[in-house]
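The residues making up each chain are set out below.
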Amino acid sequence: MNRGFNWASVFSLCGDPSYFWCFRRAVAGRHIARSSGVRLGSCSSLVEGRAHTGGDLAMANSHLAAALPRVRVPITHVIFDMDGLLLDTEPFYTVVQEKILARFGKTFDWSLKAKMMGRKATESAQIFVKECGLEGLLTPEGFLEEREGMLQDLFPSCQLLPGVKRLVNHLHSNGIPMGVATGSHKRHFALKTQNHGEIFALMHHVVMGDDPEVKKGKPSPDIFLAAAKRFEGTIDDPSKILVFEDAPTGVAAAKNAGMSVVMVPDAQLDVSHQREADQVLTSLSDFNPSEWGLPPFEC
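Residues numbered from 1 in each chain as written. Predicted model: local features only at pLDDT ≥ 70, side-chain atom pairs only at ≥ 80, totals over all residues. Heavy atoms only, no water.

(A) A look at the environment of Lys218. Positionally, Lys218 belongs in the loop between strand E5 (205-207) and helix H11 (222-229). Spatially, the C-alpha atoms of Lys218 and Ala253 are 5.3 Å apart, while their sequence positions differ by 35 residues. Non-local contacts of Lys218, meaning those with residues more than four positions away in its chain, are made with Asp81, Gly118, Arg119, Glu123, Ala181, Ile223, Phe224, Glu245, Thr249, Gly250 and Ala253. A distance of 3.1 Å separates a polar atom in the side chain of Lys218 from a polar atom in the side chain of Asp81. (Helix = DSSP H or I, 4+ residues; strand = E, 2+ residues; numbered from the N terminus. Contact = heavy atoms within 4.5 Å. Polar contact = N/O pair within 3.5 Å; in protein donor to acceptor, adjacent residues only side chain to side chain.)

(B) The arrangement of the packing of aromatic side chains in detail. Here the structure, examined in full by the defined rule, presents seven aromatic pairs. A ring pair is formed by Phe108 and Phe128, whose centres lie 6.4 Å apart and whose planes are at 40°; its orientation type is tilted. Placement of the pair is Phe108 in the loop between helix H4 (90-102) and helix H5 (110-116) and Phe128 in helix H6 (residues 121-131), with a sequence separation of 20 residues. A single burial state applies to Phe108 and to Phe128, both of which are buried. One aromatic cluster is present, built from ring pairs that chain together Phe80, Phe244 and Phe287. The lysine or arginine in question, Lys113, covers the ring of Trp110, its NZ or CZ lying 5.5 Å from the ring centre. The aromatic ring of Phe155 is capped on one face by Lys192, whose charged end is 4.6 Å from the ring centroid. (Phe/Tyr/Trp six-rings, centres within 6.5 Å; stacked < 30°, edge-to-face > 60°. Buried < 20%, exposed > 50% of the residue type's maximum accessible area, 1.4 Å probe, protein only. Lys NZ or Arg CZ within 6 Å of the ring centre and 35° of its normal.)

Structure follows, in structure tokens:
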């Protein structure tokens, strides 16, 4: 009976013996019911002369679902955001913007940062000036000019975030086409990536915020649609493109493009901004390719 089950493997996955026996009783109950013509529903079924409700199967299935890797839409292409996802540049923006606001006796917080992240520089500047009540004191252009001088000295020192090198190298070695979609313009991109050429050389293409095809910044889907078009061949289903993002506006942009999204947010970002993502991770190191139909990491 039930020869198709490797009970040792099931026991290992269940972990708790009580869950294992719930599952085994439930499977036995289904076998007996089929043999005797009894229809299984939410009512009890006979197992070894005793009554066991469908709760046995429900409890075991719930535990097994949590233990087994979840397979989502099989992914064929990957698009990465850059700032705060591949490169640890977001702290630079925070420090610089805190300094600028300090001149006006104001403080910079994460509710404002969440609104600015992932957008084009001009859009972020407008939000910054308006949200901070600086109209008449600082123009968006003045903000960008002041910020630029400080940022360009910091960008070359940025580091790769955890898990980036392993994931990018793994996807490349398995022939998964990858691209980058970043709100950064060309000058900033060059400063940020000057010490990480080996990673960005593995990308099929990079779409930047000042690209002619990107009419609007995130959360508009423009940048991801442009990135998708530049892969070779035709992608019949945009949900087969997996986007990695750290910013709420980036997640929204990818979803607006019909794509699947893994969010890797900063720990300080309010959890309310995570709702739209298909999966939320604390680090790229936690990503399991198998859950998305991608080749698994080698042990």
